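Examination of the molecular architecture
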Amino acid sequence: MLGSTSKNQEISKLLETVVDGGYCIGCGACAAVVDSPIKMKLDEYGKLCATLSEPVVQTSHQISLGKVCPFSNEGLNEDQIAEEIFGKDCQYHNQIGYYLTTYAGFVSESDFRKLGSSGGMGNWIVTQLLSEGLVDGVIHVKPCTPSPTDPRLFKYQISKTIEEVRNGAKSRYYPIEISEVIQMLREQPGRYVIVGIPCFIKAIRLLMKQDPIIAERIKFCVGLICGHLKSIHFAQMFAWQGGIKPGDLLEFDFRYKLADRGANQYGMKAVGLKDGEVIECISPVRDLYGWDWGHGFFKYKACEYCDDVIAEAADIVVGDAWLPEYVNDSQGTNVVVVRNIVIQKLIEQGITAGNLHLNAITADKVAKSQASGLNHRREGLAYRLYLADKRGEWRPNKRVKAQISHLSRQLQKRQELRMKLGEESHIAFQKAIKAGQFSVFPKSMNFLVLQYQLTYPSTVLWKQFIQKCKKIY
Ligand SMILES: Cc1cc2nc3c(=O)[nH]c(=O)nc-3n(C[C@H](O)[C@H](O)[C@H](O)COP(=O)(O)OP(=O)(O)OC[C@H]3O[C@@H](n4cnc5c(N)ncnc54)[C@H](O)[C@@H]3O)c2cc1C
Ligand code: SF4
Ligand code: SF4
């Protein structure tokens, strides 16, 4: 039980450190606590963020908000959470965390692969848990209808039938939060599986530790490997280049599969209003400005201070097999890390029945498939932590140690420019919206992008960038 003085202190602490420091990933765990004074709101840059909705003195919540926040220093870290759940049965790998088995492949049954972003394993495993009667509902991110008061295109929702699950396939590089759906879970007793990116799975595990109802109802956590999260402007940036202005976007597919291209050369599909008519626009993302994830456009600051790529607290994790042997297959291929024995059995049955085309690969190979993400969140993070400490700021504790000497000056500069690119992109897109002209965005970003490209010796990247600029102007 929290007394009112300690409630005041701990709410102030969360707001002053995580939120004011810009480390809030907008997960909504603090707002999901019963009687929490926190609500989730979209900020001016299209990112969800925790905000205080009522005076702290009136709050009656009983669970520590700091203990459920994945970015506060009050809760357990990913190693501590995972060790407790998986330590007994799994092996440990210093880049992917605990694992029972590791695979690469895809779903051969039905149209899971066609509908999915990669090989369709994400939706297959939750469908399997539902159809085997191991859960009553799937909590995942699905499209919703935007309104004048809430422009969001995607939200966490509960699917209770296989058809409802099916409609939820595909990745959403988009702000999402869990407080609304956790409220639904409280109102609808049952057993659930939840799908989430690593920081969300950490938040769920922390909530489960504090709240017996959530602990009793969430039976499985399915993780998605994560590079970083985007604001709502990422989808708007692409759609605008197809003629749909921000505010007129109705539907968006971040991973439209293009038959004649490699898995990493996917397209985007936007549906929205143009001159009062509903139009549909499909384009390979590489033909559009801003596709390069390395530039980190619209990235949350929190993602620069995250050290979990492979959702280390999840029962199973799925991602893209970004490996030369798979990347040319436009249909998409998964890497899979299994940590839960029940899920392992389902996968073995799926392989035996011919429903899954999965080959065992090593844990090192899974790590290799995410080499740039891991590098950013190990070597890069160590340097970013060093910089934060040098500035004397509060920052979240990480499993990675602050360090400078491991990076050459050029690599340090690359990290600095990446952070700057993320920060500037939020501001530049706002300027473009205010001016009503997309071209304001690339004009504001190009000098920084050029400086960033110069940290790479490869002239190929240079040429690609200059060609892209020529197309825009
Ligand atoms: C923000 C983000 C960043 C990612 N970064 C990487 C990366 O760097 N490297 C990599 O290999 N993979 C990354 N992924 C995962 C990848 O995009 C695919 O989601 C994954 O490979 C699963 O594809 P699939 O075909 O197996 O899943 P599908 O069959 O398409 O199923 C996906 C499931 O995930 C749910 N879902 C979609 N978006 C979200 C979300 N934001 N939060 C919670 N649930 C969601 C869907 O509702 C669906 O149930 C990222 C995903 C996200 C959302
Ligand atoms: S729990 Fe999530 S939403 Fe709340 S402050 Fe922490 S990161 Fe932000
Ligand atoms: S990079 Fe880390 S903090 Fe950012 S969304 Fe992914 S898991 Fe969360």
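Quick caveat, the model's predicted, so the values are computed rather than measured.

What follows covers the overall build of the chain. Along its length, the chain carries 16 helices and 15 strands. Here the C-alpha atoms of the chain give a radius of gyration of 22 Å, agreeing with the 23 Å that 2.2 N^0.38 yields for 473 residues. Over its C-alpha atoms, taken along the principal directions, the chain stretches across nearly 60 × 60 × 55 Å. The proportion of buried residues among the 473 residues of the chain is 56%. Expressed as a percentage of contacts within the chain between residues at least 6 apart in sequence, the contacts between residues at least 24 apart total 70%. Per element, the accessible surface of the chain, about 20000 Å² overall, is 51% carbon and sulfur. Of note, the chain has its 58 positive side-chain charges centred 5 Å away from the centre of its 50 negative side-chain charges.

Considering all chains together, one arrives at 26 aromatic pairs under this definition. When the ring of Tyr 23 is compared with that of Tyr 305, the centres are 5.0 Å apart and the planes differ by 85 degrees; the resulting orientation is edge-to-face. Placement of the pair is Tyr 23 in the loop between α1 (4-19) and α2 (29-32) and Tyr 305 in the loop between β12 (277-284) and β13 (316-320), with a sequence separation of 282 residues. A relative accessible area of 1% means that Tyr 23 is categorised as buried. Positioned over the ring face of Phe 106 is Arg 113, at 3.6 Å from the centre of the ring. In this arrangement the basic side chain of Arg 339 is found over the ring face of Phe 86, its NZ or CZ atom lying 6.0 Å from the centre.

The strand order across the open sheet formed by three strands is β10-β11-β12, and the pairing between neighbours is antiparallel. Each having just a single partner strand, β10 (249-256) and β12 make up the two edges of the open sheet. Geometrically, the sheet is characterised by an average inter-axis angle of 15 degrees between neighbouring strands, direction not taken into account. Sheet topology note: the β10/strand β11 (residues 267-274) ladder contains five bridges and is antiparallel.

Around ligand 1, the surrounding shell holds 34 residues, and the nearest of these are Ser 118, Gly 168, Lys 170, Ser 171 and Asp 320. Gly 168 places a polar main-chain atom, nitrogen or oxygen, 2.7 Å from an oxygen atom of ligand 1. Here an oxygen atom of ligand 1 and a side-chain polar atom of Gln 370 are 2.8 Å apart. Taking 920 Å² as the accessible area of ligand 1 by itself, protein coverage stands at 97%. Of all the secondary-structure elements, those providing two or more residues to the shell around ligand 1 are α5 (121-131), β6 (137-143), β8 (192-196) and β13. When its residues are assigned to classes, the shell around ligand 1 shows 14 nonpolar, 16 polar and four charged.

For the rest of this paragraph, the subject is the site of ligand 2. Neighbouring ligand 2 are 13 residues; Cys 24, Cys 27, Gly 28, Cys 30 and Cys 69 lie closest to it. Counting residues per element, the ones that place at least two in the shell around ligand 2 are α1 and α2. Each residue belonging to the shell around ligand 2 can be placed in one class, and the counts come to 11 nonpolar, two polar and no charged.

Moving on, we come to helix α7 (residues 179-187). Ser 179, Val 181, Ile 182, Leu 185 and Arg 186 are the residues of α7 that are buried. Projected down its long axis, α7 carries its buried residues within an arc of 160 degrees, all on one side.

Moving on, we come to the pairing of strand β2 (residues 48-52). Side-chain positions along a regular strand alternate between the two faces of the sheet. Taken together, the five bridges between strand β1 (residues 38-42) and β2 define a ladder with antiparallel strand orientation. The residue bridging Met 40 from the neighbouring strand is Ala 50, located in β2. Between β1 and β2, which pair antiparallel in sequence order, lie five residues; one of them, Gly 46, sits at a positive phi of approximately 75 degrees.

This part takes up the sheet that holds strand β9 (residues 218-224). Taken in spatial order, the eight strands make up an open sheet running β7-β6-β8-β9-β13-β14-β5-β15, and their pairing is mixed. Two strands in the sheet have a free side with no partner beyond their single neighbour: β7 (154-159) and β15 (356-360). The average angle at which neighbouring strand axes cross in this sheet is 25 degrees, direction not considered. Bridge count for β13 against strand β14 (residues 334-338) is five bridges, and the pairing is antiparallel. Counted as the bridge partner of Val 317 is Val 337 from β14. This element, helix α8 (residues 198-210), spans β7, β8 and β9 of the sheet and lies at about 160 degrees to β9.

With that out of the way, let us pick up the environment of Gln 128. Tracing the sequence through the fold places Gln 128 in helix α5. With 215 residues separating them along the chain, Gln 128 and Ile 343 place their C-alpha atoms 9.3 Å apart.

It is worth spelling out unusual backbone geometry at this point. With a phi close to 60 degrees, Asp 35 is a non-glycine residue in the positive phi region. Inspection of the secondary structure puts Asp 35 in the loop between α2 and β1. Of note, the phi angle at Asp 275 is positive, near 50 degrees, even though the residue is not glycine. Within the secondary structure layout, Asp 275 lies in the loop between β11 and β12.

What counts as what
Residues numbered from 1 in each chain as written. Chains lettered and ligands numbered in written order. Predicted model: local features only at pLDDT ≥ 70, side-chain atom pairs only at ≥ 80, totals over all residues. Heavy atoms only, no water. Helix = DSSP H or I, 4+ residues; strand = E, 2+ residues; numbered from the N terminus. Rg over C-alpha atoms; globule rule 2.2 N^0.38 Å. Buried < 20%, exposed > 50% of the residue type's maximum accessible area, 1.4 Å probe, protein only. Contact = heavy atoms within 4.5 Å. Areas by Shrake-Rupley, 256 points an atom, 1.4 Å probe, with all protein chains shown as cover. Lys, Arg positive; Asp, Glu negative; His and termini not counted. Charge placed at Lys NZ, Arg CZ, Asp CG, Glu CD. Phe/Tyr/Trp six-rings, centres within 6.5 Å; stacked < 30°, edge-to-face > 60°. Lys NZ or Arg CZ within 6 Å of the ring centre and 35° of its normal. Pairing = 2+ DSSP bridges. Axes fitted to C-alpha atoms, helices over the stretch in contact; angles between N-to-C directions. Near = heavy atom within 4 Å. Polar contact = N/O pair within 3.5 Å; in protein donor to acceptor, adjacent residues only side chain to side chain. Nonpolar A, V, L, I, M, F, W, Y, C, P; charged D, E, K, R; others polar. Arc of directions from axis to C-beta.

On their own, these measurements won't tell you what the molecule is for.
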